[in-house]
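Structural characterization, general
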Amino acid sequence: MISIFKSKEQKFWSWFQKNEEKILNFEKDQDSVFKELHSQMMQVNKDIVFEFGPIVNGKREFVLSAGGIISAFEDVKKLYSAAPQMDKWSVVKFRPRREPYDVVYGEKKVKVKDVHYVLIKDQSPDKVGIILFFDDFSEVEYDLWLGIGFSFLDQVLGEYDVATILGGILVASSQSEHFASASPLNKLANDLDRQFK
């Protein structure tokens, strides 16, 4: 027997397809489109967020993200699985790995080439800890540097791997005694893939 009741995921995609052109060209009325899209996503899970890529050959990337909140991961997977095939959209599950770029965070500008890391033993046996090193780090601004660290990790590893592979994430000065064994950030993805994939 065919159910006439739609799941919340199906309802979302049904709305999305009805408003496809408006969403595809959201720049024309960004505030209104984003507000409506956010409202529709809230009905699936209040923690799910979205990102758009540029239009390339008439097609746009639509990224479904849990915003790093693990409790929302299952709902992101369900929403992704329910997505219909669409000619103008490429739906992506979780923020993917990207070529890392310099981060501007508050008044700080940090270059990728200046960020280094060391992998460390984590309390959880199936995860690994990491220390990120920054030249201008100061203990007084620890939370700010941690935020910068998460921005870089999201780029290099993608949202899913940051949440599922990394355990403790620490930030420190490149003057630290532990810096001697550090590697440049652009080696991190391969380093982790060798250990976990």
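For the structure given in this document, a descriptive report is provided here. None of these values were measured; they are calculated from a predicted model. (Residues numbered from 1 in each chain as written. Predicted model: local features only at pLDDT ≥ 70, side-chain atom pairs only at ≥ 80, totals over all residues. Heavy atoms only, no water.)

Now for the environment of Phe73. Within the secondary structure layout, Phe73 lies in helix α4 (residues 73–81). Given the relative accessible area of 5%, Phe73 is considered buried. Here the alpha-carbon distance between Phe73 and Tyr160, two residues 87 residues apart in the chain, equals 8.5 Å. Beyond its immediate stretch of four places on either side in the chain, Phe73 contacts Ala66, Gly68, Phe94, Glu159, Tyr160, Ala163 and Thr164. (Helix = DSSP H or I, 4+ residues; strand = E, 2+ residues; numbered from the N terminus. Buried < 20%, exposed > 50% of the residue type's maximum accessible area, 1.4 Å probe, protein only. Contact = heavy atoms within 4.5 Å.)

A word on the packing of aromatic side chains. In this structure the tally under the stated criterion is 24 aromatic pairs. Ring geometry for Phe12 and Trp15: centres 6.1 Å apart, planes at 45°, overall tilted. Of this pair, Phe12 and Trp15 are both found in helix α1 (residues 8–18), 3 residues apart, which corresponds to roughly one turn of the helix. Like Trp15, Phe12 is buried. Plain terms: the ring middles of Phe62 and Trp89 are 6.0 Å apart, the flat faces sit at 75° to each other, and that makes the pair edge-to-face. (Phe/Tyr/Trp six-rings, centres within 6.5 Å; stacked < 30°, edge-to-face > 60°.)

Scanning the entire structure with this criterion turns up 14 salt bridges. Arg98 serves as the salt-bridge partner of Glu61, at 3.4 Å between the closest nitrogen and oxygen. With Glu61 in strand β2 (residues 59–65) and Arg98 in the loop between β3 (89–93) and β4 (103–105), this pair connects stretches of sequence that are 37 residues apart. On the basis of relative accessible area, Arg98 is assigned to the partly exposed category, the value being 35%. The partner of Lys108 in a salt bridge is Glu141, with the nearest N and O atoms 3.2 Å apart. Note that Lys108 is positioned in strand β5 (residues 108–110) and Glu141 in the loop between β7 (128–134) and α5 (142–157), a separation of 33 residues in sequence. Residue Lys108 is classed as partly exposed on the basis of its relative accessible area, which comes to 24%. Judged by relative accessible area, Glu141 falls into the partly exposed class, the value being 28%. A network of salt bridges, in which partner residues are shared, links Glu51, Arg95 and Asp154. (Salt bridge = Lys/Arg side-chain N within 4 Å of Asp/Glu carboxyl O.)

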